[in-house]
Amino acid sequence: MQTKIVRRNIPPERENQNDRFRVKYNDKSDFDMLQVQITRIADGSVHDYFFKSDALPDKDSIHFSTAIEDNKFTVIWFGANPFKSN
């Protein structure tokens, strides 16, 4: 099983602004699983999200937004939902 890893860093000034971040994966037939690794720069925490390639849209990317809710870093996905996260 081939996994494609996309890493995104979220700067403190954008983590609670309703900004959308793009995750570009290109051709989803080139891999079996997409792993999106999001690093919150403010505290160095790393959050991994896993998507099966056949559950991704036929476009070349998905998007997410981040928010701080009750002092907790939250990721909201657009275009697909992860089947697993840490």
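This text goes with the structure placed above it.
Notes on the structure in this doc start here.

Conventions and cut-offs
- Residues numbered from 1 in each chain as written.
- Predicted model: local features only at pLDDT ≥ 70, side-chain atom pairs only at ≥ 80, totals over all residues.
- Heavy atoms only, no water.
- Buried < 20%, exposed > 50% of the residue type's maximum accessible area, 1.4 Å probe, protein only.
- Helix = DSSP H or I, 4+ residues; strand = E, 2+ residues; numbered from the N terminus.
- Pairing = 2+ DSSP bridges.
- Core = buried A, V, L, I, M, F, W, Y, C linked by side-chain atoms within 4.5 Å.
- Contact = heavy atoms within 4.5 Å.
- Salt bridge = Lys/Arg side-chain N within 4 Å of Asp/Glu carboxyl O.
- Axes fitted to C-alpha atoms, helices over the stretch in contact; angles between N-to-C directions.

## Concerning the pairing of strand E3 (residues 33-40)
Regular strands place side chains that alternate from one sheet face to the opposite one. For E3, a buried count of eight out of eight residues is recorded, marking the element as mostly surrounded by other parts of the structure. What you see with E3 is no split at all: Met-33, Gln-35, Gln-37 and Thr-39 on one side and Leu-34, Val-36, Ile-38 and Arg-40 on the other are buried throughout. Relative to E3, strand E1 (residues 3-10) is paired through eight bridges, and the arrangement is parallel. When the sheet's bridge partners are listed, Ile-5 is paired in E3 with Gln-35.

## Structural notes on the nonpolar core
Ranked by internal contacts, the top residues of the largest apolar core, which has 18 residues, are Leu-34, Ile-38, Phe-51, Ile-62 and Trp-77. Sorting the residues of this core by element identifies E1, strand E2 (20-24), E3, strand E4 (45-52), strand E5 (61-69) and strand E6 (72-78) as the ones contributing at least two each. The residues contacting Ile-62, other than those within four sequence positions of it, are Phe-21, Arg-22, Val-23, Tyr-25, Leu-34, Phe-51, Leu-56, Pro-57, Trp-77, Phe-78, Gly-79 and Ala-80.

## Description of the pattern of salt bridges
Under the defined criterion, the tally for this structure stands at six salt bridges. Among the salt bridges present, the one from Asp-43 reaches Arg-40, with a minimum N-O distance of 3.3 Å. Taking relative accessible area as the criterion, Arg-40 reaches 14% and is therefore assigned buried. Each of Glu-15, Arg-40 and Asp-43 takes part in salt bridges that share partners, so that together they form one network.

## Focus: the sheet that holds E5
Here three strands make up an open sheet; going across it, the order is E2-E5-E6 and the pairing antiparallel. The open sheet terminates on both sides in strands that have one partner only, identified here as E2 and E6. Averaged over all pairs of adjacent strands, the angle between strand axes in this sheet comes to 30°, irrespective of strand direction. Bridge analysis of E2 against E5 gives five bridges, and the strand direction is antiparallel. Residue pairing in the sheet places Arg-20 in a bridge with Ser-65 of E5.

## Examining the environment of Glu-69
Position of Glu-69 among the secondary structure elements: in strand E5. Residue Glu-69 is classed as partly exposed on the basis of its relative accessible area of 44%. Separated by 19 residues in the primary sequence, Glu-69 and Phe-50 place their C-alpha atoms 22 Å from one another.

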